[in-house]
Amino acid sequence: MPPPRRGRRSRLASSRVAGTSLPRATAHSPRRASHGAPLLSHAQLLTRRRHSSEQVPPESSPQADFRSGRWLSERAGGDTRDSRQAPFVGMSSNHRICDQEEVVIPCASDDFGSVDLELSNLEDIKKDSSDSELTDLDASDLPEILQESFTDSLRNFSPQEPLCETSVEKLIQSIQEVFSGKLKDEPAKLTFLRSLSSLGETLCCDETTESFIHSHLADIVHILNVLVQEELLDSLLSPVLQEVFATITVFSYQDVHLLFGSEDHAELFSLVIKRIVSLPSVRSLTRLEETMASRPSNPECLYRQTFQAFSEMLQSFVVKDPHLEKFDAIFKHVCPSLQSVKDHEREWATTSMAQVLKCLSRHLCLKLPLQFQSLGHLVALMALLCGDPLKEVAEEAAEGTRYLLHVTLRLKYATQDKTNHQSLRRGLKKCCEILEHHDIKQFYRDPFKIAQVFEGFLNSNELCQFVMTTLNSLKKLKHTHNQELAGELLLTLVKNAESRFEKVPEIMGVICAQLPIISQPGVRQQIISTVSLFISRPKYTDIVLSHLLCQPIPYDRNLAALWRTLKIDLPNTTWVLWRLLRKLQKCHNVPSQEKMAYVAVAATDALYEVFMGNRLRAATFRLFPQLLMTLLIQIHHSIGLTVSDVAIPSGLYTEQKMSTEVTPLCFAMQATKTLLLRAACKREFDIMEKNKGWTLLEGEDCHLQGVCLLANALLEKNHLLTCRILYLLVPLLNRGNDKHKLTSAGFFVELLRSPVARRLPSIYSLGHLRDWLHHGNNLFRILALRGLHNLFRHWDMREDIKRLLPSILDSLWETDERIVLLAIQILQKLVRTMDFTTLAAMMKILFSLFGDMRPDVHHFSMTLFGASIKSVKHAHKKCMENQVLESLVPLLLYSQDENAAIAEESRRVLKICSQFLKWKLPQEVYHKDPFYIKPVEVKTICKFFGKKCKGKIDILAQTLMYSKNAKLPIRRTAVLFVGLLSKYMDCSETRMKGTDWIQDDLKDLLQDPEPSLRILASQALFRVQKVEFQAEPEQTVCWWRKLLGCLST
């Protein structure tokens, strides 16, 4: 029969008595004896071996390992006495550290039955999962792991036998001396700490002790703080640090918490953690031991003892206060070490956390209110650690995760209500299903299965914690394997719980921040896949898009890659692209503002990146009409804008400024071009390039021309696509501001040439055009006339167009040349169908346009005038004769216009007039040479018109009016004609009216700077005066005087 195992006396009682001469009470063993325990299974024996305190022979000592499975059961060789024995060599054996000092973890109790108890419980879940339907969630439905009665393996210290008054006074006196003085050396520090521990063990039994401790609690914390700070990095051989941990543990068991409750206490806790973190690794320890071989101390043993004392300290907190709030505070302090890039720090932190979780699973207090703020954070870290490349860390994390699942199940069952009742049922069922198909031991070593199980029990806030922790760990994980594990773990969780997240903006913020630091392409793609999962869910689409559109533009290569490589299921691609498009469309629907919304520019750039990636190709084809029109509208809004015209959110560009080389127009143009190419509209793209269509689109005054060119290109090359666009445009015509409507209207009127336009109800086609004819913006009037021109090719719509003739005729008076020309084009198509009244009115307006300074207006007004003459019916010719006669002189004169096209058209229309009048004009009329160089031919022309028009119109007065024309050829011809036509004036009329009114105009022309005109004017004046003289022969002398006077001038 083996000898009974020793109790805790070796650490918390006996060992510290050796360091002081003060009397102290004998501590009772806090552990329960193992006698009479049932036979243990193989796994339980392994577990006991991991947590036992048996000694290892010196010759078989391995390298120090502080994990719960090794460093507590393995001892280094050599002298195991620590350095604190030296000053007390002469003391009795009862007051000295034993040569074979036992190392104990409080929770490694013989009564616990090892971790196989939990394994068997989880196996029971697997066995019962098929029979249980989880119809009513009550205590009977939960797995046995929630109902087992744990043995209290870590009991409180039993009350100590009261010390005598003298002993208490001596202890208090020695401690007070430290308060008022200073601890100079290590023995003094150890004496103080052991005295403080001795006094603390009798705290609950002595009122004087209790009063002293509570009144000097701040002093005690201060001294401990100083002691920890004085422990330098190279002070590993000093036992002071472990004595501090032991002292804190003793006080913890007496419900005096030195690391919780105030800022000073929390500061001491943080300092303790920093000191533990500063300890070297095992390798460094080995090297140190080699250099310090001559020293009597054993660094490796002291190393294990220090970490053991720290672990005991943490566990004592949970045993005495097993509320989740206390554990939450412990976790927050240990958390940074769990994510350390140093293997030995991560290892001791994982081991400590596993032991604390084990204690918590046995002593957990679930009294309301329950507050555990970091469950999701802890689950994520433990899952990541289960996949750690360091085997020891992964094993400890797996053990800790096992206990964490126990705690989580009990917590969720205790806090269930009507809101999460069903989710808990689903979580339990899912847990059973997963465990049914996996070995328990392998399950806890699979981070992905762990994530799937815990996902069913975590609420939305805890799920967010899990994701945020996993993302933040990417910048802390130095191994490629760890980064890949984190990325896959994140993707696994989001796939299983993608509809239960709430803090998606925060998650997206971390993702955008982490993308630049991820070096592994595979991990980056996993993160992008995570974003794709979020953006595919309609619940989160707008949230994710809003966050991504608040990033600096142009997007860096990481965000550009995100947009280009989105992995979205085919059914969801259209939804995602549509929501992105709507972000841009909403910016167009608001009234015009001083600055363009930043979202509009960002969405445009995002669309460009999506088109470049071509992952949403099917959705791009489906939404092509909406995409094209929205981008064209964005181009119109962006014309002339710079970076300063964009309302950039404050704080967006903290380190760098938005490049001034890029403009909103650049983003819109590149997105539009890419869209056409991705939609297989290469021929249309080519037409735009050859006709400088892109330059037109970018122009302030010619944007609509570029829109019309693109519309015509699509109509010519892709008829089916234009039909879809036409139907889309109908509702767009009444939306947004003027730029929005103008771009839509410009595309719309060009598509009216399509046969499909005939199917549109009149209210949508002619109705809009009629309204635009009276719009205050000339651009709308231009588009209305262009639309009518395009509709005229549909015969069944001509009657409807004729009803708009009054409005079209009014357009001839416009100062905008484009409006007039478009009106003339429409009237040319309607001239043959006009009634006489309308025709006559139109001809009068056209006649007034003869000589218009706008060459095209002049030209086409004469063309339409000629067409109108041809359209006059025989019954109305007599009424129209005077109008035709009045047009002869202007047409004759403009046949000499310097513009060859106008001159040619004048001769052509003049011929039409002669045919209408049934005249045969002299052939000289049609000569292209200037009249003033062929006086003989001019005389023939004037003779013909003088005789034909005599008594019908005042041809001389009409010709004299053009002597003041702005164009020199017209003035010169008019003056020449005045002189020659004066010969055919009626004598009686000449005597009655005189010729002074003619001579006055001619005299003014004598001052003209053009010599040829002055000569012609003098000749004409001579002929006029001669005519006047012939009409009144008796005034010959006077006539000569007038003539001489004119010549002298």
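Please read all numbers here as calculations on a predicted model, not as lab measurements. (Residues numbered from 1 in each chain as written. Predicted model: local features only at pLDDT ≥ 70, side-chain atom pairs only at ≥ 80, totals over all residues. Heavy atoms only, no water.)

A. Summary view of the overall build of the protein chain. For the protein chain, the helix and strand inventory stands at 50 helices and two strands. Counting the 1049 residues in the protein chain, one finds 58% classified as buried. Residue pairs in contact within the protein chain that sit at least 24 positions apart in sequence constitute 75% of those at least 6 positions apart. As presented, the protein chain carries roughly 45,100 Å² of accessible surface, and 52% of it is formed by carbon and sulfur atoms. (Helix = DSSP H or I, 4+ residues; strand = E, 2+ residues; numbered from the N terminus. Buried < 20%, exposed > 50% of the residue type's maximum accessible area, 1.4 Å probe, protein only. Contact = heavy atoms within 4.5 Å. Areas by Shrake-Rupley, 256 points an atom, 1.4 Å probe, with all protein chains shown as cover.)

B. Main features of the packing of aromatic side chains. Using the criterion set out here, one finds 15 aromatic pairs in the structure. Taking 5.4 Å as the distance between ring centres and 85 degrees as the angle between the ring planes, the aromatic pair formed by Phe 310 and Trp 348 counts as edge-to-face. Placement of Phe 310 in helix 11 (residues 299–320) and of Trp 348 in helix 13 (residues 343–363) is noted, with a sequence separation of 38 residues between them. A network of ring pairs unites the aromatic residues Phe 245, Phe 307, Phe 310 and Trp 348 as a single cluster. (Phe/Tyr/Trp six-rings, centres within 6.5 Å; stacked < 30°, edge-to-face > 60°.)

C. Focus on the nonpolar core. One finds Phe 501, Phe 747 and Phe 945 to be the most contacted residues of the largest nonpolar core, which totals 307 residues. In this view, Phe 747 contacts Leu 628, Met 629, Leu 632, Val 707, Leu 710, Ala 711, Leu 714, Ile 725 and Leu 729; residues no more than four positions away in its chain are not counted. (Core = buried A, V, L, I, M, F, W, Y, C linked by side-chain atoms within 4.5 Å.)

D. Representation of the packing of helix 44 (residues 935–949) against helix 46 (residues 968–981). In contact at an axis separation of 10 Å, helix 44 and helix 46 are set at 65 degrees when each is read in the N-to-C sense. The interaxial crossing formed by helix 44 with helix 46 has right-handed handedness. Contacts between helix 44 and helix 46 involve Val 938, Lys 939, Ile 941, Cys 942 and Gly 946 from the former and Leu 976, Phe 977, Leu 980 and Leu 981 from the latter. Residues of the contact of helix 44 with helix 46, tallied by class, amount to seven nonpolar, one polar and one charged. (Axes fitted to C-alpha atoms, helices over the stretch in contact; angles between N-to-C directions. Left-handed = near helix turned anticlockwise from the far one by under 90°. Nonpolar A, V, L, I, M, F, W, Y, C, P; charged D, E, K, R; others polar.)

E. Highlighting the confidence of the model for the protein chain. Per-residue confidence for the protein chain gives a mean pLDDT of 77; residues scoring 70 or more make up 77%. Looking across the protein chain, the model is least confident in helix 2 (residues 42–51), with a mean pLDDT of 33, and most confident in helix 29 (residues 664–678), with 95. Between residues 1–160, whose pLDDT stays under 50, and residues either more than four places distant or in other chains, the model counts 340 contacts. (pLDDT = per-residue confidence, 0-100.)

F. Broad picture of a positive patch on the surface. Residues Lys 939, Lys 943, Lys 947, Lys 983 and Lys 1026 make up a contiguous surface patch of positive charge. Counting residues per element, the positive patch draws most heavily on helix 44, which supplies three residues. Here Lys 943 is to be found in helix 44. (Patch = residues over 30% accessible without salt bridge, like charges linked within 9 Å, V, L, I, M, F, W, Y side chains within 5 Å. Salt bridge = Lys/Arg side-chain N within 4 Å of Asp/Glu carboxyl O. Lys, Arg positive; Asp, Glu negative; His and termini not counted. Charge placed at Lys NZ, Arg CZ, Asp CG, Glu CD.)

G. Fine view of the side chain of His 768. Considering the arrangement of structural elements, one finds His 768 in helix 35 (residues 766–773). If we skip the residues at most four places from it in the chain, His 768 touches Leu 733, Asn 734 and Ile 763.

H. Summary view of the packing of helix 41 (residues 855–871) against helix 43 (residues 900–917). Taken N-terminus to C-terminus, the directions of helix 41 and helix 43 make an angle of 15 degrees; their axes are 9 Å apart at the nearest point. Classified by the interaxial angle, the pair formed by helix 41 and helix 43 is roughly parallel. Every pair of crossing elements has a handedness; the one defined by helix 41 and helix 43 is left-handed. Of the residues in helix 43, those touching helix 41 at Pro 855, His 858, His 859, Met 862, Thr 863, Phe 865, Gly 866, Ile 869 and Lys 870 are Ala 901, Ile 902, Glu 905, Ser 906, Arg 908, Val 909, Ile 912, Cys 913 and Phe 916. Along the lines of polarity and charge, the residues of the contact of helix 41 with helix 43 split into 10 nonpolar, five polar and three charged. (Parallel < 35°, antiparallel > 145°, perpendicular 65-115°, else oblique.)

I. Representation of helix 35. Most of helix 35 sits inside the fold, with six of its eight residues counted as buried. Among the residues of helix 35, those classed as buried are Leu 766, Gly 767, His 768, Leu 769, Trp 772 and Leu 773. Check the buried side of helix 35 and you find it contacts helix 34 (738–751), helix 36 (778–791), helix 37 (798–802) and helix 38 (805–810).

J. Just unusual backbone geometry, in detail. Each neighbour pair has its own omega, and for Ile 553 with Pro 554 the value is -5 degrees, a cis peptide bond. Here Pro 554 lies in the loop between helix 23 (538–548) and helix 24 (557–564).

K. View of the environment of Phe 748. Within the secondary structure, Phe 748 sits in helix 34. According to the relative accessible area criterion, Phe 748 is buried, its value standing at 0%. Through-space distance from the C-alpha of Phe 748 to that of Leu 733 is 8.4 Å; in sequence the pair is 15 residues apart. With sequence-adjacent residues up to four places away left out, Phe 748 is seen in contact with Leu 726, Leu 729, Val 730, Leu 733, Leu 760, Tyr 764, Ser 765 and Trp 772.

L. Expanded view of helix 25 (residues 570–589). For helix 25, built from 20 residues, the straight-helix expectation of 28 Å at 1.5 Å per residue is met to within 8% by its first-to-last C-alpha distance of 29 Å. Buried within helix 25 we find Thr 573, Thr 574, Val 576, Leu 577, Arg 579, Leu 580, Leu 581, Lys 583, Leu 584, Gln 585, Cys 587 and His 588. (Expected span 1.5 Å × (residues − 1).)

M. Looking closely at the environment of Leu 241. With respect to the helices, strands and loops of the structure, Leu 241 is situated in helix 8 (residues 240–253). Judged by its relative accessible area of 4%, Leu 241 falls in the buried class. In sequence terms Leu 241 and Thr 306 are 65 residues apart; their C-alpha atoms lie 6.9 Å from each other. The residues contacting Leu 241, other than those within four sequence positions of it, are Val 228, Glu 231, Arg 275 and Thr 306.

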